Amino acid sequence: MKELLKKLTLKEKLGQLTQLAPHFFNEQLKAKLYGKIKDLEINYEELFYLGSILGIGGPKEKKELQDLYLKNSKSKIPLLFMGDVIHGCKTIYPVPLAQACSFNVELVKENAKMAAREAKAFGLDVTFSPMSDLVRDPRWGRVIESYGEDPYLNYSFSKATAKGYQEEGLISCVKHFAAYGLSEAGRDYNTVDLSRVNLFNYYLSGYQGALEGGSEMVMTAFNTFEYLPATINRYLLTNIIRENWGYDEAVIIADYDALLQTKAHGVTKDDKDAAVKGILAGLDIEMASTAYLRTLEAAIKKDKRIIKAIDEAVLRVLKLKEKANLFNNAFSGDDKLLAELINSKEHQNLSYQLAVESVVLLKNENNILPLNKNIKVALLGNYATSNDLLGAWSWYGDTSQTKALNDFFEVEYLSNGEDYQDYDLEKIKKIEAIILTLGEEAKESGEARSKANINLKYSQVKLIKKLKKLGKPLILILFSGRPLILTEIIKDVDALFNVFFLGSNSSKAIYDLVYGSVNPSGKLAMTFPRSVGQIPLYYNHLRTGRPFLNDGNPYSSHYLDEKNEPLFPFGFGLSYSSFVYEDLKIDKSSFTLDELPTIKITILNESKFAGKEVVMLFIKDEIASISRPVKELKQFKKVSFQAGERKEISFKLKYQDLAFYNQDLNYQVEAGDFLVMVADKSLKITLKGDENEDFK
Ligand code: GLC
């Protein structure tokens, strides 16, 4: 690729660092959509310098555009096609927040492979996924795209998803680097401010997982880090990704127009200033703007560092195109194959399986679930007949092809009305159970969809309370793009499934769960607060100097008007099975790093239902050189049990289960006591060594 780089003119180089949407190539469209080319301050001929395309409508459009481009391009370097395949291309599987509740890393990887096969047939070379932002604030609309509040879960699913894509030849671009999920007050695009200790111990875990899983690209976040927008932040883009982590070939792309938005941040004065700061920070490709193309030539004269930075960036992009096999096959994409894949049982079944495993059963009073198919039910609420079940960022998923709940449920009475007066009460009085489907609309979450109030809508609260008065078992199926505040209704419902959005096979999955042909096994990947005033509220919080001990001491960390605890904690989820955690054992309670202990737990499924249990290993570092969380998830296994089966599950402790970044950002383990926790069992273990001895 170095030889090719040498042949390029400066303008051809700068074009390789520029990405625009495809419609600018479409003469009659360009005047209508997203402004005109002149808004980008380039002319039609300059489009044939571009390096990559944001989004595409399918294999046919891709081939036409590549053909047009190569006919007019001087460099003849094919375009790279990128897009947002976030949880499926045409066959849509659960939104990432729901996927994380499955705690099934292997199944998520298989779904990512499935999505990659369809995306490649669609004509894409790159997907802007996984989204690996750690989240602790459900007011933020983009929690739906994340893997929740736990760093290890974020790491695990990001790694599995990236691996799945890359194994099928789809290039993965992990986003949004870095810590976009910490947008203040949960308001999208708002300020982010955190310490490097917090960044390294918690917020970088997902991106690290994705890069370890093989992501070849990184997308910058809209927000600042240490008061400098990520898109021009050399500490983030070069020091961490390239120098500290060693991904010197990673191609870094700005989020949509984020380079020019540095002017709105008040840190660049014009397009040229933004372009210079971007290229010198390590930003390779700018998305949806043309500052590099228009201004860097003039800038070079004043600063020789710039041409070196440009050449390094272009070389990374050329190598990426080589990895994408672009020079051998610029016209990838296959309509016929895409149709076969979409209609394949394998793809539909993968999406269905993950939907089943992503649902969290939050309540099942008196075990009224699973329902018996002989009882007469009413299916009510705005999701009873809806096919808008795919969730945000469903790319080319087709809701018109998505079956609704009433395509599966055979009911005595059906109404998609949202108000009590919509219902025929005479009919309802004759039935034996109510299945009520409520929650947020799909458009209430995703990008630019933050909410200050995340209570269940008042009209829906009112409806639940009125239906409760009928004295029938009330089963709530809750759709949302975030944890909602359910405190006001949790006592009124007898059973509650939290589904978020499950994709193309939502309805069959929910039907099978309600009637017990499959057993719920999901666990919450994000805390459900009692009230919005508790936010941010997450399980792996630090201790405080004045912990609330409920001992009447007023000078302790608590509220006058709310509990400290959530309504439902991270890791919570019920099953039709009943899992009894018996003995927790450890082969050595005092150990060295050369001989790390093994933890074993015996679990009995004492019920008549076969089921899967997520067994989670938590660690607490009792005393360290910095304050450490009250508990942290370090390993987990999803284990299948037959009815009545007892199993012993073991965890071999690993260095990274004990390690953390200290104030000097050294990644290390410190000697001393640790508490090992599995469910309600715990054991103390000790790493031998001097009190302040640390192990790199
Ligand atoms: C959006 C999103 C980003 C997405 C990109 C391209 O603004 O922030 O997640 O990948 O633009 O669509």
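What counts, and at which threshold
- Residues numbered from 1 in each chain as written.
- Predicted model: local features only at pLDDT ≥ 70, side-chain atom pairs only at ≥ 80, totals over all residues.
- Heavy atoms only, no water.
- Salt bridge = Lys/Arg side-chain N within 4 Å of Asp/Glu carboxyl O.
- Helix = DSSP H or I, 4+ residues; strand = E, 2+ residues; numbered from the N terminus.
- Buried < 20%, exposed > 50% of the residue type's maximum accessible area, 1.4 Å probe, protein only.
- Near = heavy atom within 4 Å.
- Polar contact = N/O pair within 3.5 Å; in protein donor to acceptor, adjacent residues only side chain to side chain.
- Areas by Shrake-Rupley, 256 points an atom, 1.4 Å probe, with all protein chains shown as cover.
- Nonpolar A, V, L, I, M, F, W, Y, C, P; charged D, E, K, R; others polar.
- Domains from an automatic or database assignment.
- Contact = heavy atoms within 4.5 Å.
- Buried area = accessible area lost by both parts, 1.4 Å probe.
- Core = buried A, V, L, I, M, F, W, Y, C linked by side-chain atoms within 4.5 Å.
- Axes fitted to C-alpha atoms, helices over the stretch in contact; angles between N-to-C directions.
- Parallel < 35°, antiparallel > 145°, perpendicular 65-115°, else oblique.
- Left-handed = near helix turned anticlockwise from the far one by under 90°.
- Pairing = 2+ DSSP bridges.
- Expected span 1.5 Å × (residues − 1).
- Disulfide = S-S within 2.5 Å.

Visitor: Help me out: how do you make sense of the pattern of salt bridges in this one?
Guide: A pair can form between side chains of opposite charge whenever their charged atoms are brought close. Enumeration over the complete set of coordinates arrives at 53 salt bridges. Between E357 and K612 there is a salt bridge, and its shortest N-O distance comes to 2.5 Å. Of this pair, E357 sits in helix α15 (residues 345-358) while K612 sits in strand β20 (residues 611-621), placing them 255 residues apart in sequence. On the basis of relative accessible area, E357 is assigned to the buried category, the value being 4%. Judged by its relative accessible area of 31%, K612 falls in the partly exposed class. One salt bridge connects D492 with K465, and the closest N-O pair in it is separated by 2.4 Å.

Visitor: What is the right way to read the site of the ligand from this model?
Guide: Close to the ligand lie 13 residues; D84, R142, K175, H176 and D255 are nearest. H176 places a side-chain nitrogen or oxygen 2.7 Å from an oxygen atom of the ligand. D255 has a polar side-chain atom sitting 2.6 Å from an oxygen atom of the ligand. When the ligand sits alone it has 310 Å² of accessible area, and the protein chains cover 92% of it. For the shell around the ligand, a count of residues per class yields seven nonpolar, one polar and five charged.

Visitor: Please clarify how the domain arrangement of the protein chain should be interpreted in this entry.
Guide: In many reports, interface size means the accessible area that the parts give up when they come together. You can read the domains of the protein chain as domain 1 (73-336), domain 2 (356-534) and domain 3 (579-695). The C-alpha centroid of domain 3 is placed 35 Å from the C-alpha centroid of domain 2. With five residues of domain 2 at the interface, the matching set in domain 3 holds eight residues. Both faces combined, the contact of domain 2 with domain 3 buries some 580 Å², and carbon together with sulfur accounts for 49% of it. Among the residues of domain 2 in contact with domain 3, E357, N519 and K523 are the three that bury the most area, contributing 67% of the side total. Where domain 2 packs against domain 3, one counts three salt bridges. Here the residues of the side of domain 2 that touches domain 3 are counted per class, giving one nonpolar, two polar and two charged.

Visitor: Just checking my understanding: could you explain the side chain of E145 for this structure?
Guide: With respect to the helices and strands, E145 occurs in the loop between β4 (126-127) and α7 (151-167). A relative accessible area of 2% means that E145 is categorised as buried. At 2.6 Å, the side chain of E145 forms a polar contact with the side chain of R142. Within the structure, E145 has its side chain in polar contact with the side chain of W393 (distance 2.9 Å).

Visitor: For this particular structure, what's the right way to read the environment of G644?
Guide: Here G644 is to be found in the loop between β21 (632-641) and β22 (646-652). By relative accessible area, which is 47% here, G644 ends up partly exposed. Residues contacting G644, with those up to four places away along its chain left out, are L604, N605 and S607.

Visitor: It is not clear to me how the nonpolar core should be interpreted in this structure. Could you clarify?
Guide: Note on soluble globular proteins: their nonpolar side chains tend to be buried together. Counting 208 residues, the largest nonpolar core has F177, L199 and L436 as its most contacted members. Ranked by size, the runner-up nonpolar core spans 26 residues in total, among them Y581, F591, V639 and F651.

Visitor: What exactly am I supposed to notice about unusual backbone geometry here?
Guide: Excluding glycine, most residues fall at negative phi; most peptide bonds, likewise, are trans. The linkage connecting S129 with the following residue, P130, adopts the cis geometry, with an omega of 10 degrees. Along the chain, P130 falls in the loop between β4 and α7. A178 follows F177 through a cis peptide bond whose omega is 10 degrees. Among the secondary structure elements, A178 is positioned in the loop between β5 (171-177) and α8 (196-203).

Visitor: Explain the packing of α7 against helix α9 (residues 205-212) to me, please; I cannot follow it from the model alone.
Guide: Packed helix pairs are characterised by how far apart their axes lie and by the angle those axes make with each other. One way to put it is that α7 packs onto α9 with a least axis distance of 7 Å and a crossing angle of 25 degrees. Here α9 runs roughly parallel to α7, going by the angle between their axes. Relative to α9, the crossing made by α7 is right-handed. Across the interface between the two elements, P151, N154, Y155, S158, K159 and A162 from α7 touch S205, G206, Q208, G209, A210 and E212 from α9. A breakdown of the residues in the contact of α7 with α9 according to their chemical character gives four nonpolar, six polar and two charged.

Visitor: Would you mind going over the pairing of strand β6 (residues 217-220) with me for this structure?
Guide: With burial as the criterion, each face of β6 is covered, one bearing M217 and M219 and the other bearing V218 and T220. Across three bridges, the pairing between β5 and β6 is parallel. When the sheet's bridge partners are listed, F177 is paired in β6 with T220.

Visitor: How should helix α6 (residues 105-122) be read in this particular structure?
Guide: What sets the pattern is the α-helix's 3.6 residues per turn: residues three or four places apart point alike. For α6, with 18 residues, the first-to-last C-alpha span of 25 Å sits near the 26 Å given by 1.5 Å per residue. Within α6, 14 of the 18 residues are buried, which leaves the element mostly enclosed by the surrounding structure.

Visitor: In this structure, what is going on with helix α11 (residues 271-281)? I would like to understand it.
Guide: With respect to burial, α11 is a largely interior element, nine of its eleven residues being buried. Next to the buried residues of α11 lie α10 (234-244), α12 (291-300) and α13 (305-323). At the N-terminal end of α11, a side-chain oxygen is found 3.2 Å from the backbone nitrogen of K272, two or three residues along, and the residue is D270. Where α11 ends, the next residue or the one after it, G282, has phi of about 115 degrees, a positive value.

Visitor: Sorry if this is basic, but what is going on with the environment of S102 here?
Guide: With respect to the helices, strands and loops of the structure, S102 is situated in helix α5 (residues 96-102). Exposure remark for S102: the relative accessible area of 0% places this residue in the buried category. Spatially, the C-alpha atom of S102 lies 31 Å from that of L467, the residues being 365 residues apart in sequence.

Visitor: I would appreciate a short explanation of the state of the cysteines in the present structure.
Guide: Two cysteines form a disulfide when their sulfur atoms are joined by a covalent bond. Following the criterion strictly, the structure yields zero disulfides and no others. Free cysteine: C89, not disulfide-bonded; nearest cysteine sulfur from C173 at 17 Å.

Visitor: Just to check I follow, could you spell out the sheet that holds strand β25 (residues 672-678) for this structure?
Guide: Paired through their backbone hydrogen bonds, the strands of a sheet run either parallel or antiparallel. Spatial strand order, β18-β26-β25-β20-β21: five strands in an open sheet with mixed pairing. The outermost strands of the open sheet, each flanked by one partner alone, are β18 (590-591) and β21.

Visitor: Help me understand the packing of α11 against α13, please; the structure alone is not making it clear to me.
Guide: Two elements in contact, α11 and α13, have axes separated by 9 Å at closest approach and are oriented at 60 degrees. In terms of orientation, α11 lies oblique with respect to α13. Like other packed secondary-structure pairs, α11 and α13 cross with a definite hand, here left-handed. Touching V276, I279 and L280 of α11 are R305, I306, A309, I310 and A313, all from α13. When the residues that make up the contact of α11 with α13 are grouped by side-chain class, the tally is seven nonpolar, no polar and one charged.

Visitor: I keep staring at the sheet that holds strand β2 (residues 52-54) and nothing clicks. Help me out?
Guide: Judged by pairing direction, the sheet is parallel, and its eight strands sit side by side in the order β9-β6-β5-β4-β3-β2-β1-β10 without closing on themselves. At either end of the open sheet lies a strand with only one pairing partner, and these are β9 (251-253) and β10 (286-287). Relative to β9, β6 runs parallel, the two sharing three bridges. Bridge pairing in β9 places M219 opposite I253. Relative to β9, α13 is tilted by about 105 degrees, and along the sheet it contacts β3 (80-83), β5, β6 and β9.

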